[in-house]
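Chain and residue survey
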Amino acid sequence: MRSLINILDFSVEELYALMDTANDIIAHPEAYCERCKGKKLATLFFEPSTRTRLSFEAAMYELGGHVIGFSEAQSSSAAKGESVADTAKVISCYADIIAMRHPRDGAPYVAALNASIPVINAGDGGHNHPTQTLADLLTIYREKGRFENLTVGLCGDLKYGRTVHSLISALSRYAGVKFVLISPEELKLPSYVKKEVLAVQNIPYEQTDDLEAAMPALDILYMTRIQRERFPDPEEYERLKDSYILTPDKLKNAKPDLCILHPLPRVNEISVAVDKDPRACYFKQVANGKYMRMALILKLLEGMDEPEREVGEIAYDLKCENPRCIVQTEQELPQAFRCTNRERKIYRCVYCESKQILKGD
Ligand code: NCD
């Protein structure tokens, strides 16, 4: 059985196939309106969401299926202390597929390990958000006609912005992609993404805090919200919250075919005046997200088998130090670390990907 936890769980070919299905749904919605008749999607949202949850719900309804679920942790048994593993086992008795959003990094992975139905990661803490990436990819493909040879600017909160982490992983698989990482010093891209996604594949990137200087080279500009809820220090958020505000004036040196994206919600990062610019694609991106979620639900309900993957060396005697990792709260969840660099003895938590260095031999 197949789940989508990390965007790299799907190959480039599988992602193209999803985009083909989504384009076909856009062209012939009537052909899909009963494809999930009698099926149930469970939306387990332990964290606030408007777009993603309603997009999943709309997707399932447009496929002729049903939706059950909850939209806040307080109205679920998590408030009584139920583990993610137990919730996944219980919901597997009620539904055919799960979409889960959770404040803890790695929670949907734990759900997938325990569910007997496919699990879709609808955002886990500051870690990943693969279905937003599906929306981003379809938008880029429909606007640009390709992924290769694009210069992609990512601007804002690159540290906590999970959509950015998933999008970088996805775009890293196409030839000639370059990244311009635009953020304040405090909100730079985590080093694990730089080292283990960009550097290992020799993908060119530059880091800057100057959006206007970066603008002329960009084919894609991906604006993001400063993620207030993930800041340990509220004063730091106050200081950084308006770091970037895209206005029509700042776009004057941009390419005429720039594609401006934003996963939304926008707080203040893009002036409303930019919405009229034909290069603003963020509302198209919302619609594309629904079609990609429809394509994904169809694909996962086909009941495909998990492809064979090399697991590599796993260490069980390390301890995850990421305070936001699911391993910190989940009952009896074993610590497990995947070796990502044998020479330097670097291990990454299988749930949240945070790093540990093995000491000694
Ligand atoms: C994003 C998220 O939840 O990470 N929103 C979304 O799902 N479209 C971005 C954000 O919250 O800033």
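Rules and cut-offs
Residues numbered from 1 in each chain as written. Predicted model: local features only at pLDDT ≥ 70, side-chain atom pairs only at ≥ 80, totals over all residues. Pairing = 2+ DSSP bridges. Helix = DSSP H or I, 4+ residues; strand = E, 2+ residues; numbered from the N terminus. Near = placed C-beta within 6 Å. Nonpolar A, V, L, I, M, F, W, Y, C, P; charged D, E, K, R; others polar. Domains from an automatic or database assignment. Axes fitted to C-alpha atoms, helices over the stretch in contact; angles between N-to-C directions. Contact = placed C-beta atoms within 7 Å. Core = buried A, V, L, I, M, F, W, Y, C linked by C-beta atoms within 7 Å. Buried ≥ 20, exposed ≤ 12 C-beta atoms within 10 Å, placed from the backbone. Left-handed = near helix turned anticlockwise from the far one by under 90°. Parallel < 35°, antiparallel > 145°, perpendicular 65-115°, else oblique.

**Quick look at the pairing of strand E12 (residues 346–349)**
Across a regular strand the side chains alternate sides, sitting on one face of the sheet and then on the other. Looking at chain direction, strand E11 (residues 337–341) and E12 are connected through 4 bridges and run antiparallel. Note on E12: the bridge partner recorded for Asn341 is Ile346. Between E11 and E12, which pair antiparallel in sequence order, lie 4 residues; one of them, Lys345, sits at a positive phi of approximately 55°. Pairing analysis gives 3 bridges linking E12 to strand E13 (residues 355–357), with the strands arranged antiparallel. Note on E13: the bridge partner recorded for Ile346 is Ile357. From the end of E12 to the start of E13, which pair antiparallel, there are 5 residues, and Glu353 there has a positive phi angle of about 70°.

**Looking at the site of the ligand**
Around the ligand, the neighbouring residues are Arg51, Thr52, Gly123, His129, Gln132, Arg162, Thr163, Arg225, Gln227, Pro263 and Leu264. Broken down by secondary-structure element, the contributors of at least two residues to the shell around the ligand are helix H2 (51–62) and helix H6 (162–171). In terms of residue class, the shell around the ligand is built from 2 nonpolar, 6 polar and 3 charged. A domain split of the shell around the ligand shows at least three residues from each of domain 1 (7–128 + 287–301) and domain 2 (130–284).

**Digging into the domain arrangement of the protein chain**
The domains assigned to the protein chain are domain 1 (7–128 + 287–301), domain 2 (130–284) and domain 3 (314–357). On a C-alpha basis, the centroid separation for the pair domain 2 and domain 3 is 28 Å.

**Quick look at the sheet that holds E13**
Sheet architecture is open: 4 strands sit in the order E10-E11-E12-E13, paired in antiparallel fashion. Because the sheet does not close on itself, it has two edges, and the strands there are strand E10 (314–315) and E13.

**A few points about the sheet that holds strand E5 (residues 151–155)**
Pairing is parallel in the open sheet, where 5 strands are placed in the order E7-E6-E5-E8-E9. On the outer flanks of this sheet lie strand E7 (205–208) and strand E9 (259–261), each paired with one strand and no other. With strand direction ignored, the average angle separating the axes of adjacent strands in the sheet is 15°. With respect to the sheet, helix H5 (residues 130–144) is in contact with strand E8 (220–223) and E9, its orientation differing from that of E9 by roughly 165°.

**Describing the nonpolar core**
Ile98, Ala111, Ile260 and Ile297 are the most contacted members of the largest nonpolar core, which has 100 residues in total. The biggest single contributor to this core is helix H10 (residues 282–301), with 8 residues. Among residues more than four places away in sequence, those in contact with Ile297 are Cys36, Leu41, Ala59, Met60, Leu63 and Ile97.

**Things to note about the packing of H5 against H10**
Here H5 crosses H10 at 115°, and the two axes come no closer than 8 Å. Where H5 crosses over H10, the handedness of that crossing is right-handed. In this structure, H5 uses Thr131, Gln132, Leu134, Ala135, Asp136, Leu138, Thr139 and Arg142 to contact H10, whose residues at the interface are Lys284, Gln285, Asn288, Gly289, Tyr291, Met292, Arg293 and Leu296. When its residues are assigned to classes, the contact of H5 with H10 shows 6 nonpolar, 6 polar and 4 charged.

**Overview of the packing of helix H1 (residues 12–27) against H5**
Here H1 crosses H5 at 70°, and the two axes come no closer than 11 Å. Taken together, H1 and H5 sit at an angle that is classed as roughly perpendicular. Residues Leu15, Leu18, Met19 and Ala22 of H1 form the contact with H5, whose own contacting residues are Leu134, Leu137, Leu138 and Tyr141. Tallied by class, residues from the contact of H1 with H5 come to 8 nonpolar, no polar and no charged.

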